[in-house]
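So you can see what is in the structure, the chains are spelled out below.
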Amino acid sequence: MSHVDSTPSPFTAPHLASVLGRIGTMEVCLAQTEDEIASSQQLRFKVFFDELGAKGSATMEQRDADRFDPFCDHLLVYDTSIAGPKHKQIVGTYRLLRSEKAFETGGFYSASEFSIERLVTAKPELRFLELGRSCVLPEYRSKRTVELLWQGIWTYCRHHSIGVMFGCASFQGTVPAAHALPLSFLQHNCRATPDWDVRALPALYQAMDLVPNEAINPKVALFAMPPLIKGYLRLGAMIGDGAVVDHDFGTTDVFIILPVSRISERYISHYAAEAKRFV
């Protein structure tokens, strides 16, 4: 396994507040140091490799790292009540890749699974943001942590005038039929409109319409949905055409498209920096 450079991104957004949100002892920030980025990669390794059994490439230092990391901003959730240096307080992370930086590194991470180039080139007036590598330590998987992550993402989007968020979201396991009900619900009820649609690459395409719509109990389907995907749907996200099996990470991936214009005002107010619970 080759070593992947974990040098801090030189593209970290300037002029953003050092703390993007805070609830109690928890706060969300952008990574600023090499130690913080390395710690986020180690957290990703713990979740994706140790907990979920990923088999993809990793560094000798037990980090989940790839060629995209130096071009990304890394959103971090800290628990400041943990004793020790700041980079040891990281309990959650999200990786953010803006379109202008994706062009510098040769494209988006999710382009290895989905045909996103047509969408990006068709809407040159919009700035795109790829969300990826979302993970939180098991003991911190709560509404509070999710709220902090989204408060940080929304502040970041406003700062960079982002028009569209997108990325892969995963079901655990490599057998799509094991998720027939929620995948079919997404296909029948949440598909992207033609002007926003993105299709899985032909060689990787897995059909999602595994159960007839009339046979789906929406409550049961939503209960079986991963929390991250349900969160995207609540915000107004749409789903691309087809799923992809990622054997390295042991997942079945769907494509999320979330134009900022589809986010309801109540959620914008909920995650805005001015929200009183973040003061």
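Residues numbered from 1 in each chain as written. Predicted model: local features only at pLDDT ≥ 70, side-chain atom pairs only at ≥ 80, totals over all residues. Heavy atoms only, no water.

The protein is annotated in an unreviewed UniProt entry as GNAT family N-acetyltransferase of Phyllobacterium zundukense.

1. Some thoughts on the pairing of strand β4 (residues 90-98)
In regular strands, side chains alternate between the two faces of the sheet. Quick note on the threshold: Relative accessible area decides the class of each residue, using a 1.4 Å probe on protein chains only: under 20% of the type maximum gives buried, over 50% gives exposed, and in between gives partly exposed. Only DSSP runs of H or I reaching four residues or more are called helices, and only runs of E reaching two or more are called strands; each is numbered from the N terminus. Two strands form a pair only when DSSP identifies at least two bridges running between them.
Burial analysis of β4 places nine of its nine residues in the buried class, which makes it a mostly covered element. With six bridges joining them, strand β3 (residues 73-79) and β4 adopt antiparallel strand pairing. Paired with Tyr 78 across the two strands is Ile 90, which belongs to β4.

2. Observations regarding the environment of Ile 23
By the element assignment, Ile 23 lies in strand β1 (residues 21-23). What makes Ile 23 buried here is its relative accessible area of 13%. With 124 residues separating them in the primary sequence, Ile 23 and Glu 147 have C-alpha atoms 9.1 Å apart.

3. A few points about the side chain of Asp 246
Definition in use: Only four residue types enter the tally: Lys and Arg on the positive side, Asp and Glu on the negative side; His and the chain ends are excluded. A pair is scored as a salt bridge if a Lys or Arg side-chain nitrogen falls within 4 Å of a carboxyl oxygen belonging to Asp or Glu. What makes two residues a contact is simply this: any of their non-hydrogen atoms within 4.5 Å.
Within the secondary structure, Asp 246 is located in strand β10 (residues 244-246). Buried charge without a salt bridge: Asp 246, with Arg 133 as the nearest opposite-charge side chain at an N-O distance of 6.7 Å. Beyond its immediate sequence surroundings of up to four residues, Asp 246 is in contact with Tyr 109, Glu 113, Thr 174, Thr 251 and Asp 253.

4. Describing the packing of aromatic side chains
The criterion, for reference: When the centres of two rings from Phe, Tyr and Trp lie within 6.5 Å, Trp using its six-membered ring, the rings pair. Their planes under 30 degrees apart give stacked, over 60 give edge-to-face, and anything left gives tilted. Charge-over-ring contacts are defined here by two conditions on Lys NZ or Arg CZ: a distance within 6 Å of the ring centre and an angle within 35 degrees of the ring normal.
For the structure on display, the rule yields nine aromatic pairs. Consider the rings of Phe 68 and Tyr 109, whose centres lie 5.8 Å apart with planes at 85°: the pair is edge-to-face. Placement of Phe 68 in the loop between α1 (34-51) and β3 and of Tyr 109 in the loop between α2 (99-105) and β5 (114-115) is noted, with a sequence separation of 41 residues between them. Plain terms: the ring middles of Phe 114 and Phe 255 are 5.1 Å apart, the flat faces sit at 40° to each other, and that makes the pair tilted. Taken together, the positions of Phe 114 in strand β5 and Phe 255 in strand β11 (residues 251-259) put the pair 141 residues apart, joining distant regions of the chain. The pair Phe 114 / Phe 255 is uniform in exposure class, with both members buried. Through pairs of rings, three or more aromatic residues link up here, namely Phe 108, Phe 114, Phe 128, Phe 166 and Phe 255. Positioned above the aromatic ring of Phe 68 is the side chain of Arg 67, whose terminal nitrogen or guanidinium carbon lies 4.2 Å from the ring centre. In this arrangement the basic side chain of Lys 123 is found over the ring face of Trp 196, its NZ or CZ atom lying 4.2 Å from the centre.

5. Concerning unusual backbone geometry
Positive phi outside glycine occurs at Arg 133, with the angle close to 50°. By the element assignment, Arg 133 lies in strand β6 (residues 128-136). Relative accessible area serves as the criterion here: at 13%, Arg 133 is assigned to the buried category. Positive phi, normally seen in glycine, also occurs at Ser 161, with a value near 55°. Along the polypeptide, Ser 161 turns up in the loop between α4 (143-160) and β7 (164-172).

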